[in-house]
Protein chains: 2
Amino acid sequence: MNVYGNNIARLIDELNRLPGIGAKSAARLAFHIINMEESRVQALAMAISQAKATVRYCQECCTITDISPCGICSGTKRDNTTIMVVEDSRDLAAYERIKEYRGLYHVLQGAISPMAGITPEHLRIKELLARLTGDVQEVIIATNPNVEGEATAIYLSRLLKDTVRVTRIAHGVPIGGDLEHVDDITLARALEGRREI
Amino acid sequence: MNVYGNNIARLIDELNRLPGIGAKSAARLAFHIINMEESRVQALAMAISQAKATVRYCQECCTITDISPCGICSGTKRDNTTIMVVEDSRDLAAYERIKEYRGLYHVLQGAISPMAGITPEHLRIKELLARLTGDVQEVIIATNPNVEGEATAIYLSRLLKDTVRVTRIAHGVPIGGDLEHVDDITLARALEGRREI
């Protein structure tokens, strides 16, 4: 890469270390960056440094944030009788996006995966238990619909169901698209979870 | 995006402005970055600032570099009787990668495109003419094999052919893969360009 000079080569190399950015994308991005306006380049470099410098986990829900407690936990308009348990902060963001859920969240920071050596002790479960005081009436488990997410859901359900009502988000066929393209397990779960209309 | 706090939201936003990085990739990259080691984050931010601060164009071949003349133009082992004309610095890098070409380059910084309003005056053609002094015996035109690249090749060939030998890289079927999947124009050009074996 030294045909570009050391500083550009170094930028390509640093970008290439990021996930999902191969050698060609890294070069393309590097050329884009060095052609951007100076102020935009500084904004990007600064955003990287600052986000890293100020990142922390919310003392309540364990989401990634730069203020603790986070905006949701410190919000006065949230329903504090319900906690939705998700694997990571992006799942929380996905549910926030639909603007239908007004309760609180709890971010486990992962899912149980014996294959990857992730046991319940690696997750923010202690912190969840500490929050199940007087007000909380329901814990909605919204871990991912895959093996690890299901294992985590079952584990949590057994752990919590004597203390509080535990529910799981529904599995079924996604809205839009074609039954024909839905995988077999989802079809089976959709049938199993059928409801009166 | 404010569920993540302002600094993380700002980082996601800055990443999202880069080409080919949508909202989801930007969030994924941002989370990766804030989970990287501090030293790696600083290396990335620094690489961005430094590459931008030191970038320039080589005074000879007009490639993007941080030293001028660039490593190739100032190299003592290059054949200075041949100049390969490419559209941009990444094309130069592609030819350097194969380690077969030992001549010099000239980077046009684009190709003629009446649709996009790019005329010969927008390209580094004056700088190319200035280099066609005593030593140069051949100019190899390696602009892209598309409409703009071909138009540029024809323009340059007419402009230069009284001064110097002008050649064009061969068009034909790429090595590997299947004739069946090669487009019609390439098949026609490959036939047209056939050689004795």
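One structure accompanies this document, and this report is about it. Because the structure is predicted, anything quoted here is derived from the model rather than measured.

## Section: the packing of helix 3 (residues 38–54) of chain A against helix 1 (residues 6–16) of chain B
The interhelical angle for the contact between helix 3 of chain A and helix 1 of chain B, taken along N-to-C directions, is 145°, at an axis separation of 8 Å. Of the two elements, helix 3 of chain A crosses helix 1 of chain B, and the hand of that crossing is left-handed. Residues R40(A), A43(A), L44(A), A47(A), I48(A), Q50(A), A51(A) and T54(A) of helix 3 of chain A form the contact with helix 1 of chain B, whose own contacting residues are N7(B), I8(B), R10(B), L11(B), E14(B) and L15(B). Residue composition of the contact of helix 3 of chain A with helix 1 of chain B, grouped by class: eight nonpolar, three polar and three charged.

## Let's talk about the relation of the copies chain A and chain B
In summary, the two copies of the chain are related to each other by a rotation about an axis coupled with a shift along it. Overlaying chain A with chain B gives an RMSD of 0.0 Å, the required rotation being 180° about an axis along which the chain moves by 0.0 Å. Here the transformation between the copies is reduced to the relation of a two-fold axis. In terms of C-alpha distance to the rotation axis, chain A has A45(A) as its closest residue, with the C-alpha 2.3 Å off the axis. Interface overlap between copies: 100% of the residues of chain A at the interface are likewise at the interface in chain B, consistent with a symmetric, same-surface contact.

## Describing the pairing of strand 3 (residues 79–86) of chain B
All names here are of chain B. Where strand 3 lies against strand 4 (residues 103–107), five bridges are found, and the strand directions are parallel. Counted as the bridge partner of M84 is Y105 from strand 4. Handedness of the strand 3-helix 4 (residues 89–97)-strand 4 crossover: right-handed. Sheet topology note: the strand 3/strand 5 (residues 138–141) ladder contains four bridges and is parallel. The residue of strand 5 that forms the bridge with I83 is V139.

## Overview of the interface of chain A and chain B
On the side of chain B, 50 residues touch chain A, which itself brings 50 residues to the contact. Where chain A meets chain B, there are two salt bridges. Where chain A meets chain B, there are 13 residue pairs in polar contact (both at pLDDT 80 or more). If you list the elements that add at least two residues to the side of chain A that touches chain B, you get helix 1 (6–16), helix 2 (23–35), helix 3, strand 2 (64–65) and helix 4 (89–97) of chain A.

## Concerning the sheet that holds strand 5 of chain B
All names here are of chain B. With respect to topology, four strands assemble into an open sheet ordered 4-3-5-6, the strand pairing being parallel. Each end of this open sheet is capped by a strand with a single partner; those strands are strand 4 and strand 6 (165–168). Here the strands of the sheet are splayed against their neighbours by 25° on average, with no regard to which way each runs. Across the sheet, helix 4 is in contact with strand 3 and strand 4; its angle to strand 4 comes to roughly 160°.

The rules behind each value
- Residues numbered from 1 in each chain as written.
- Chains lettered and ligands numbered in written order.
- Predicted model: local features only at pLDDT ≥ 70, side-chain atom pairs only at ≥ 80, totals over all residues.
- Heavy atoms only, no water.
- Axes fitted to C-alpha atoms, helices over the stretch in contact; angles between N-to-C directions.
- Helix = DSSP H or I, 4+ residues; strand = E, 2+ residues; numbered from the N terminus.
- Left-handed = near helix turned anticlockwise from the far one by under 90°.
- Contact = heavy atoms within 4.5 Å.
- Nonpolar A, V, L, I, M, F, W, Y, C, P; charged D, E, K, R; others polar.
- Least-squares fit on C-alpha atoms with pLDDT ≥ 70 in both.
- Pairing = 2+ DSSP bridges.
- Right-handed = clockwise from strand over helix to strand, strands pointing away.
- Salt bridge = Lys/Arg side-chain N within 4 Å of Asp/Glu carboxyl O.
- Polar contact = N/O pair within 3.5 Å; in protein donor to acceptor, adjacent residues only side chain to side chain.

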